[in-house]
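# Fold and geometry: a report
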Amino acid sequence: TSRAAQMPPTLGVLLFLLASVPPSLPGTGAMASGEVTTTLPEQSPFRLGQTVRIYNVKNLPQGVLCKIVGWHTAHQRYIIRDGAAALWGVTEEQVSPQTDFEPTVEWKVVPKDMVIPPGLEVKLNFETGEKFARLKQEEFGAVQGKSGCGEGGPPQ
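I will try to describe carefully the structure that is included in this document. Being a predicted model, the structure only gives us computed values, none of them experimental.

## Remarks on the sheet that holds strand β9 (residues 131-135)
The three strands lie next to each other as β7-β9-β8, forming an open sheet whose pairing is antiparallel. The open sheet has two edge strands, β7 (108-110) and β8 (120-124), and neither has a second partner. Neighbour-to-neighbour, the strand axes of the sheet open up by a mean angle of 40°, direction not taken into account. As paired elements, β8 and β9 share five bridges and run antiparallel to each other. When the bridges of β9 are listed, Val-122 appears paired with Ala-133.

Printed below as a string of structure tokens:
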């Protein structure tokens, strides 16, 4: 066999092949060829190959990590690949570029539906519904001698 025949197919060829096999985008039916591209819209806040978290997609766990692999021009959706190599079509509103919550000693707003690591102090503002988290103060020798927010607490 020739060397070219032994080389793995490019992402574009794979997307074209996957796009012709229904259901490549759950809930949208089969895609016609030419509707899938590896060029994202010019105004896209994301880049091809970027790892993102996905929210509010039926049959995917909240906050699952996926990779952006293309764009579906007809449905105006990002094509993402999950850990099982399944392809999904998602809107920009369902994609979060923040893959991990990085806690600090200061209170930080936790993005909606973001999964946070265990062992943090967590506060909820019942008026706004915002969730705040920070590292436990004793881990940094900053024990204030009282419980609660103390100085530097979450905004009211």
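Having put the structure on the table, let's press on.
## Describing the environment of Thr-104
Within the element layout of this structure, Thr-104 appears in the loop between β6 (95-96) and β7. Classification of Thr-104 by relative accessible area gives partly exposed; the value is 31%. Between the alpha carbons of Thr-104 and Ala-133 there is a distance of 8.4 Å; along the sequence they are 29 residues apart. Residues in contact with Thr-104, not counting those within four places in the same chain, are Arg-134 and Leu-135. Engagement of the side chain of Thr-104 in a polar contact is seen with the backbone oxygen of Glu-106, the distance being 3.0 Å.

## As for the pattern of salt bridges
Within the structure shown, the criterion is met by one salt bridge. Glu-121 is the partner of Arg-134 in a salt bridge, and the nearest nitrogen-oxygen pair spans 3.1 Å. Placement of Arg-134 in strand β9 and of Glu-121 in strand β8 is noted, with a sequence separation of 13 residues between them. As far as the burial class goes, Arg-134 and Glu-121 line up, both buried.

## Description of the nonpolar core
Residues Ile-54, Leu-60, Ile-68, Tyr-78, Ile-80 and Val-90 are the most contacted members of the largest nonpolar core, which totals 15 residues. Elements represented by at least two residues in this core include exactly β2 (51-54), β3 (64-72), β4 (77-81) and β5 (87-90). The contact partners of Ile-54, leaving out residues within four places of it in the chain, are Leu-60, Pro-61, Gln-62, Gly-63, Val-64, Cys-66, Ile-80, Val-90, Gln-94 and Val-95. In this structure, Phe-101, Val-110, Leu-120 and Leu-135 belong to the second largest nonpolar core, which totals seven residues.

## Quick look at unusual backbone geometry
Phi at Asn-56 takes a positive value of approximately 60°, unusual for a residue other than glycine. By secondary structure assignment, the location of Asn-56 is in the loop between β2 and β3. Not every positive phi belongs to a glycine, and Gln-76 is a case in point at roughly 55°. Within the secondary structure, Gln-76 is located in the loop between β3 and β4.

What counts and what doesn't
Residues numbered from 1 in each chain as written. Predicted model: local features only at pLDDT ≥ 70, side-chain atom pairs only at ≥ 80, totals over all residues. Heavy atoms only, no water. Pairing = 2+ DSSP bridges. Helix = DSSP H or I, 4+ residues; strand = E, 2+ residues; numbered from the N terminus. Axes fitted to C-alpha atoms, helices over the stretch in contact; angles between N-to-C directions. Buried < 20%, exposed > 50% of the residue type's maximum accessible area, 1.4 Å probe, protein only. Contact = heavy atoms within 4.5 Å. Polar contact = N/O pair within 3.5 Å; in protein donor to acceptor, adjacent residues only side chain to side chain. Salt bridge = Lys/Arg side-chain N within 4 Å of Asp/Glu carboxyl O. Core = buried A, V, L, I, M, F, W, Y, C linked by side-chain atoms within 4.5 Å.

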